[in-house]
Protein chains: 6
Amino acid sequence: MTLALCPGSFDPVTNGHLDIIERSSTTFDEVLVAVIANPSKEPLFTLDERKDLLEKAVAPFGNVRIDAFEGLLVDFALARGVDVIVKGLRAVSDFDYEMQMAHMNRRLTGIDTFFLPTSHEYSYLAASLVRDVVRLGGDVEGLVPEHVLVAMRERYRR
Amino acid sequence: MTLALCPGSFDPVTNGHLDIIERSSTTFDEVLVAVIANPSKEPLFTLDERKDLLEKAVAPFGNVRIDAFEGLLVDFALARGVDVIVKGLRAVSDFDYEMQMAHMNRRLTGIDTFFLPTSHEYSYLAASLVRDVVRLGGDVEGLVPEHVLVAMRERYRR
Amino acid sequence: MTLALCPGSFDPVTNGHLDIIERSSTTFDEVLVAVIANPSKEPLFTLDERKDLLEKAVAPFGNVRIDAFEGLLVDFALARGVDVIVKGLRAVSDFDYEMQMAHMNRRLTGIDTFFLPTSHEYSYLAASLVRDVVRLGGDVEGLVPEHVLVAMRERYRR
Amino acid sequence: MTLALCPGSFDPVTNGHLDIIERSSTTFDEVLVAVIANPSKEPLFTLDERKDLLEKAVAPFGNVRIDAFEGLLVDFALARGVDVIVKGLRAVSDFDYEMQMAHMNRRLTGIDTFFLPTSHEYSYLAASLVRDVVRLGGDVEGLVPEHVLVAMRERYRR
Amino acid sequence: MTLALCPGSFDPVTNGHLDIIERSSTTFDEVLVAVIANPSKEPLFTLDERKDLLEKAVAPFGNVRIDAFEGLLVDFALARGVDVIVKGLRAVSDFDYEMQMAHMNRRLTGIDTFFLPTSHEYSYLAASLVRDVVRLGGDVEGLVPEHVLVAMRERYRR
Amino acid sequence: MTLALCPGSFDPVTNGHLDIIERSSTTFDEVLVAVIANPSKEPLFTLDERKDLLEKAVAPFGNVRIDAFEGLLVDFALARGVDVIVKGLRAVSDFDYEMQMAHMNRRLTGIDTFFLPTSHEYSYLAASLVRDVVRLGGDVEGLVPEHVLVAMRERYRR
């Protein structure tokens, strides 16, 4: 049995994240989605909200669970018996930072990171861009799940 | 009649910006330079100052107007009847972010972004670098218009 | 009146090329598609075949003409009264080579090159990849026009 | 049971290849190493030689088999019941080409490609560079298995 | 006599920094390591602490001195009679920013910047990553000198 | 005394090459320019012609000598007592290949490669591009020395 870990801030979960989670869930026996409890910037949604939005989004996939972590990702991974980390690769600007993290995580624990190219339609999608667009009143239908769209509009309503 | 939009923070306008604006003005019938009213970081010059410095710099070009916007760039573009957005491409590090914005803007409104390679002599020029150098007492003659140089020195004088 | 030039080998024309040609034709008054007569590698289709496949593909766009050239692109551009060159930018690996060509062409004649980001669905599409896949019996439906698909299959049939 | 495919020319197999194969073999149930029968350039070693050098190199890993293919990689993958393709990512220059292939292969068959960052010590290693160095009399100990070093020296001896 | 300058925040010095300093010291007659007094972010170690950690780390190299500077790097370089600046190049994401700085520094003073590729084992090493890992309780042995490891653990102890 | 080596095909020498050679000659005591005797592609100029064009071009610099080599660059470097290799870095597309060569050369002999950013005006200049433009009748004045221009025009005259 192989357990894959998909880490992220998920503030909020986008269809780009779900693309990677779903494809991971067809390759690996189980997928654990790990929400970073304290991202470096003030999040739009609380940890519980981010987890709830994710729970609803991954409900259709039978072998995906949601959890959260503080501290070092690899400590969490070891504690949960994770076999591999899976991350999406969108564009070349992700490359160096992700390689840096992957090498460090492998050095710390031996756990490998596998990268999956994000699907075309989400290759330039970032949660920060989605937040900016919705905050300024733009439409991101098709880029996030319906229930996330609703939650974002509500959050930005004044 | 084709109306091109050149957006930016212009804090302050550099010769790199003017290079793109001038070349746009020879290709398109009219060029609208749109100053972002509230850039993400505290600007060195106020919106009015940034507009004034620009006005003076583009005076030689007959078909260039200055305006400012808040909110989503493409909402402003639609309201003004803009046909295309034009941006400079300096170095490869601009690439992914600019592609991301161009795809999102096209998705939101159908308005395309055309990229123009910045001229050699400005290919490593950024307003932030110009600010840093002037703040620390360095000389940026030839990188910004003369009146911008004067305004920057005055601003940083203690 | 602004005349834009879209150069290429078009061996054969793909939907990625057509994406750029079509979007150019909505921004500029006229678009001249210029086929490189003698590409560096032995082409799959002759110059006349490549032009014919293009003619058929651009028929729906009213303001697009097909021509061919030998020698320096910018000599051809000057002779035809071209105002700007338009090229697609797919991925970061295109960047340096295209910047090199754009700077040289501007240096030689003053003619500027504008870059348009290729649409998502064609961002990893190259004529060479399409040829390889069809040659090996794979299916590229949706990546080239129907009549190009037919021509390619016929060409590779033994 | 998950079957992973590691394709390549392996002309000859390097320690960089073995790094990816070994790490794949600890994550997936079985690994099939697929040698491209007819690489685009004239190979240094025949197909049988390349397979033999590989066989010997992967002998320590219990769940790795060697095979060869002609034609489309994904046709071979489908015929063998492959679940995922695994490739190493060395440096950023690999990125665009590999993304292009990964997207095309997924489009043709739905089979995903997972990328594994090559270990530090092999991040600038390529079979072509190893061939060049040995041909010119240089020493590549530590970069290829001992038996590959012997075979290369013999091949280049005049 | 050629004097080379290695500038940085050194918060704290890593084995990646020492790799560049040591290799510079074997090529140039003297190496001056210049600590940026006021880095843009709040440093983990004070200026004096950063200098002390460096002093101890470079003690084995006979021709390396430590100093600090405020203001423009090139003003400091001119005042000290520096001939060249030397910087490490790790990954491609360093490239554009470093080129930008190198061009600006040469424009301001004529002083050239030479880049040295960071050794493999440190090619994905950054002081910020080291700080993050130690702060979260991870082990970075082999990535920083022993006395730096001790100082970091003490600093992060609660 | 520090001896720097500037290797290349120099087919023919361009102002971009001379930019790097001249700046190396002001930093290092002596510069040895090493012409690759047998470049991978059929050269436009013979080895002796390439050396002669170089000799004339570097005549103004007092401490630069021209030589040629076959085989491994680092074997030649060791035989000549070279201390460092110096190469120009133009654009990001040079990066990975140059890093690969630098790491291999250091591994083989311990000789380090220092990279110097090419001056702005030559940042998109390549000997191959110069050859293409002259062959097709274009003007490259200012990109190569006058005597190289004459030699190229003569060579391409039919």
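Before reading on, note that the structure itself is shown above.
Parameters at a glance
- Residues numbered from 1 in each chain as written.
- Chains lettered and ligands numbered in written order.
- Predicted model: local features only at pLDDT ≥ 70, side-chain atom pairs only at ≥ 80, totals over all residues.
- Heavy atoms only, no water.
- Helix = DSSP H or I, 4+ residues; strand = E, 2+ residues; numbered from the N terminus.
- Rg over C-alpha atoms; globule rule 2.2 N^0.38 Å.
- Buried < 20%, exposed > 50% of the residue type's maximum accessible area, 1.4 Å probe, protein only.
- Contact = heavy atoms within 4.5 Å.
- Areas by Shrake-Rupley, 256 points an atom, 1.4 Å probe, with all protein chains shown as cover.
- Lys, Arg positive; Asp, Glu negative; His and termini not counted.
- Charge placed at Lys NZ, Arg CZ, Asp CG, Glu CD.
- Buried area = accessible area lost by both parts, 1.4 Å probe.
- Salt bridge = Lys/Arg side-chain N within 4 Å of Asp/Glu carboxyl O.
- Polar contact = N/O pair within 3.5 Å; in protein donor to acceptor, adjacent residues only side chain to side chain.
- Nonpolar A, V, L, I, M, F, W, Y, C, P; charged D, E, K, R; others polar.
- Phe/Tyr/Trp six-rings, centres within 6.5 Å; stacked < 30°, edge-to-face > 60°.
- Least-squares fit on C-alpha atoms with pLDDT ≥ 70 in both.
- Axes fitted to C-alpha atoms, helices over the stretch in contact; angles between N-to-C directions.
- Parallel < 35°, antiparallel > 145°, perpendicular 65-115°, else oblique.
- Left-handed = near helix turned anticlockwise from the far one by under 90°.
- Patch = residues over 30% accessible without salt bridge, like charges linked within 9 Å, V, L, I, M, F, W, Y side chains within 5 Å.
- Pairing = 2+ DSSP bridges.
- Expected span 1.5 Å × (residues − 1).
- Arc of directions from axis to C-beta.
- Right-handed = clockwise from strand over helix to strand, strands pointing away.
- Core = buried A, V, L, I, M, F, W, Y, C linked by side-chain atoms within 4.5 Å.

J.: Would you mind going over the overall build of chain A with me for this structure?
T.: Broken down by element type, chain A carries six helices and five strands. Since a compact globule built from 158 residues should have a radius of gyration of about 15 Å, the 15 Å found for chain A is in line with a globular shape. In terms of overall dimensions, chain A has a C-alpha envelope of 45 × 30 × 30 Å along the principal axes. Counting over 158 residues, chain A shows a buried share of 61%. Within chain A, counting contacts between residues at least 6 apart in sequence, those at least 24 apart form 76% of the total. Accessible area of chain A: about 6,600 Å², with a carbon and sulfur share of 45%. Seen as two clouds, the 17 positive and the 24 negative side-chain charges of chain A have centres 4 Å apart.

J.: What exactly am I supposed to notice about the interface of chain C and chain B here?
T.: It is common to give the size of an interface as the accessible area that goes away when the parts come together. Taken together, the contact between chain C and chain B spans 25 residues of the former and 25 residues of the latter. Both faces considered, chain C and chain B share a buried interface measuring about 2,100 Å² in area, 65% of it formed by carbon and sulfur atoms. Three residues, Phe95, His103 and Phe114 of chain C, lead the burial of chain C against chain B; their summed loss comes to 27% of the area buried on that side. Counting the contacts that link chain C with chain B gives three salt bridges. Among the ionic pairs, arginine 106 of chain B bridges to aspartate 19 of chain C, the shortest N-O distance being 4.0 Å. Seen at the junction of chain C and chain B, the total is seven residue pairs in polar contact (both at pLDDT 80 or more). Contributions of two or more residues to the side of chain C that touches chain B are made by helix H1 (15-27), strand S4 (84-89), helix H4 (92-109) and strand S5 (112-117) of chain C. Residue composition of the side of chain C that touches chain B, by class: 13 nonpolar, seven polar and five charged.

J.: Just checking my understanding: could you explain the packing of aromatic side chains for this structure?
T.: A ring pair, where both rings are aromatic, is described by two values, the distance of the centres and the angle of the planes. With the rule as written, the count across this model stands at 21 aromatic pairs over all chains. Measuring from centroid to centroid gives 5.6 Å for phenylalanine 114 of chain A and phenylalanine 28 of chain D, while their planes differ by 80°, and the two rings are edge-to-face. Here phenylalanine 114 of chain A is found in strand S5 (residues 112-117), whereas its partner phenylalanine 28 of chain D is found in the loop between helix H1 (15-27) and strand S2 (30-36) on a different chain. By the burial criterion, phenylalanine 114 of chain A is buried, and phenylalanine 28 of chain D matches it. Look at phenylalanine 95 of chain B and phenylalanine 95 of chain C: their rings are 5.9 Å apart centre to centre, the planes differ by 80°, and that puts the pair in the edge-to-face class. Of this pair, phenylalanine 95 of chain B sits in helix H4 (residues 92-109) while phenylalanine 95 of chain C sits in helix H4, each in a different chain. In this pair, the class of phenylalanine 95 of chain B matches that of phenylalanine 95 of chain C, namely buried. Chaining the aromatic ring pairs together yields one cluster made of Phe28 and Phe114 of chain A together with Phe28 and Phe114 of chain D.

J.: Help me understand the environment of valine 148 of chain B, please; the structure alone is not making it clear to me.
T.: Its location among the elements puts valine 148 of chain B in helix H6 (residues 146-156). Once you skip the residues sitting within four places of it in the chain, valine 148 of chain B turns out to touch Pro12, Val13 and Leu53 of chain B.

J.: Sorry, what's going on with the interface of chain A and chain D here?
T.: If you look at the interface, chain A gives 25 residues, while chain D gives 25 residues. With both sides pooled, the region where chain A packs onto chain D buries about 2,100 Å², and carbon together with sulfur makes up 65% of that total. Run the count over chain A and chain D and you get four salt bridges. Where arginine 23 of chain D meets aspartate 112 of chain A, a salt bridge forms, and the shortest distance between an N and an O atom there is 2.6 Å.

J.: Got a minute to help me understand the relation of the copies chain A and chain D in this structure?
T.: Look at the two chain copies: a rotation about an axis and a shift along it is all it takes to match them. Aligned on chain D, chain A shows an RMSD of 0.0 Å; the corresponding rotation is 180° and the shift along the axis is 0.0 Å. A rotation of that kind, with that shift, is consistent with a two-fold axis. When C-alpha distances to the rotation axis are compared across chain A, the minimum falls at phenylalanine 115 of chain A, with a value of 2.4 Å.

J.: Looking at this structure, I do not really get the relation of the copies chain C and chain B. What am I missing?
T.: Here chain C sits on chain B after a turn of 180° about the axis and a move of 0.0 Å along it, with an RMSD of 0.0 Å. When you check the interface residues of chain C against chain B, 100% turn up at the interface there too, and the contact is symmetric in its surfaces.

J.: Explain the packing of helix H5 (residues 127-135) of chain E against helix H6 (residues 146-156) of chain E to me, please; I cannot follow it from the model alone.
T.: A pair of packed helices is characterised by two quantities: the angle between their axes and the separation of those axes. Residues and elements named next belong to chain E. Close contact between H5 and H6 brings their axes to 10 Å; oriented N to C, the two are set at 55°. Put simply, H5 runs oblique to H6. For the crossing formed where H5 meets H6, the hand is right-handed. Note on element contacts: H6 touches H5 through Met152, Arg153 and Tyr156, opposite Val130, Arg131, Val134 and Arg135. The residue makeup of the contact of H5 with H6, split by class, is four nonpolar, no polar and three charged.

J.: What is the right way to look at a negative patch on the surface in this model?
T.: On the surface, Asp29 and Asp83 of chain A together with Asp29 and Asp83 of chain D cluster together into a patch of negative charge. As for its placement among the helices and strands, aspartate 29 of chain A is situated in the loop between helix H1 (15-27) and strand S2 (30-36).

J.: Before we go on, may I ask you to explain the pairing of strand S1 (residues 3-8) of chain F in this structure?
T.: Residues and elements named next belong to chain F. For S1, a buried count of six out of six residues is recorded, marking the element as mostly surrounded by other parts of the structure. Burial of S1 is two-sided: the residues Leu3, Leu5 and Pro7 facing one way and the residues Ala4, Cys6 and Gly8 facing the other way are all buried. Where S1 lies against strand S2 (residues 30-36), six bridges are found, and the strand directions are parallel. By the bridge assignment for S2, leucine 3 is matched with glutamate 30.

J.: Help me out: how do you make sense of helix H2 (residues 47-58) of chain D in this one?
T.: Working note: α-helix, 3.6 residues per turn, so residues spaced by three or four point in the same direction. Residue and element names in this part refer to chain D. Here H2 spans 16 Å end to end across 12 residues, near enough to the 16 Å set by a 1.5 Å rise per residue. Buried within H2 are the following residues: Arg50, Leu53, Leu54, Ala57 and Val58. The buried residues of H2 occupy one face: seen down the axis, they fall within an arc of 120°. Facing away from the buried surface of H2 by more than 90 degrees, the exposed residues are Asp48, Asp52 and Lys56. Contacts made by the buried residues of H2 are with H1, S2, strand S3 (64-69) and helix H6 (146-156).

J.: I keep staring at helix H3 (residues 73-80) of chain A and nothing clicks. Help me out?
T.: All names here are of chain A. Along H3, the residues that are buried comprise Leu73, Val74, Phe76 and Ala77. Along the long axis of H3, the arc covered by the buried residues comes to 155°, so they all point the same way. Turned more than 90 degrees from where H3 packs its buried face, Leu78 and Ala79 sit exposed. Taken from the residues just after H3, glycine 81 is the one with a positive phi, measuring 70°.

J.: For this particular structure, what's the right way to read the pairing of strand S2 (residues 30-36) of chain E?
T.: Consecutive side chains along a regular strand alternate between the two faces of the sheet. All names here are of chain E. Of all seven residues that make up S2, five are buried, and the element is covered over most of its length. Regarding the hand of the β-α-β motif, the stretch spanning strand S1 (residues 3-8), helix H1 (residues 15-27) and S2 is right-handed. For the segment spanning S2, helix H2 (residues 47-58) and strand S3 (residues 64-69), crossover handedness is right-handed.

J.: Explain the nonpolar core here, please?
T.: Within soluble globular proteins, side chains that are nonpolar generally end up buried alongside one another. Core analysis: the largest hydrophobic core is formed by 84 residues, its most contacted members being Ile21 of chain B together with Ile21 of chain C. Filtering out sequence-adjacent residues up to four positions away, isoleucine 21 of chain C remains in contact with Cys6, Phe10, Val31, Val33, Leu54, Val58, Phe61 and Val64 of chain C.

J.: Help me understand the side chain of serine 119 of chain D, please; the structure alone is not making it clear to me.
T.: Its location among the elements puts serine 119 of chain D in the loop between strand S5 (112-117) and helix H5 (127-135). The buried category is assigned to serine 119 of chain D, whose relative accessible area is 4%. Among residues more than four places away in sequence, those in contact with serine 119 of chain D are His103 and Arg106 of chain A together with Asp19 and Arg23 of chain D.

J.: Can you help me understand the arrangement of the chains in this one?
T.: Considering only C-alpha positions, the minimal separation of the non-contacting chain C and chain E is 12 Å. At the level of C-alpha atoms, the two units chain A and chain F stay apart, their nearest approach being 12 Å.

J.: In this structure, what is going on with the pattern of salt bridges? I would like to understand it.
T.: By the definition in use, this model includes 71 salt bridges over all chains. A salt bridge links aspartate 11 of chain B to arginine 131 of chain B; its shortest N-O distance comes to 3.6 Å. With a gap of 120 residues between them, aspartate 11 of chain B in the loop between strand S1 (3-8) and helix H1 (15-27) and arginine 131 of chain B in helix H5 (residues 127-135) connect regions that are remote in the sequence. Overall, the relative accessible area of 6% leaves aspartate 11 of chain B in the buried class. A cluster of three or more residues bridged by salt bridges with shared partners is formed by Asp19 and Arg23 of chain A together with Arg106 and Asp112 of chain D.

J.: Looking at this structure, I do not really get the environment of lysine 51 of chain A. What am I missing?
T.: Residues and elements named next belong to chain A. Of note, lysine 51 is situated in helix H2 (residues 47-58). By relative accessible area, lysine 51 is classed as partly exposed at 22%. With 14 residues separating them in the primary sequence, lysine 51 and alanine 37 have C-alpha atoms 9.8 Å apart. If sequence neighbours within four positions are ignored, lysine 51 has contacts with Val35, Ile66, Asp67 and Ala68.

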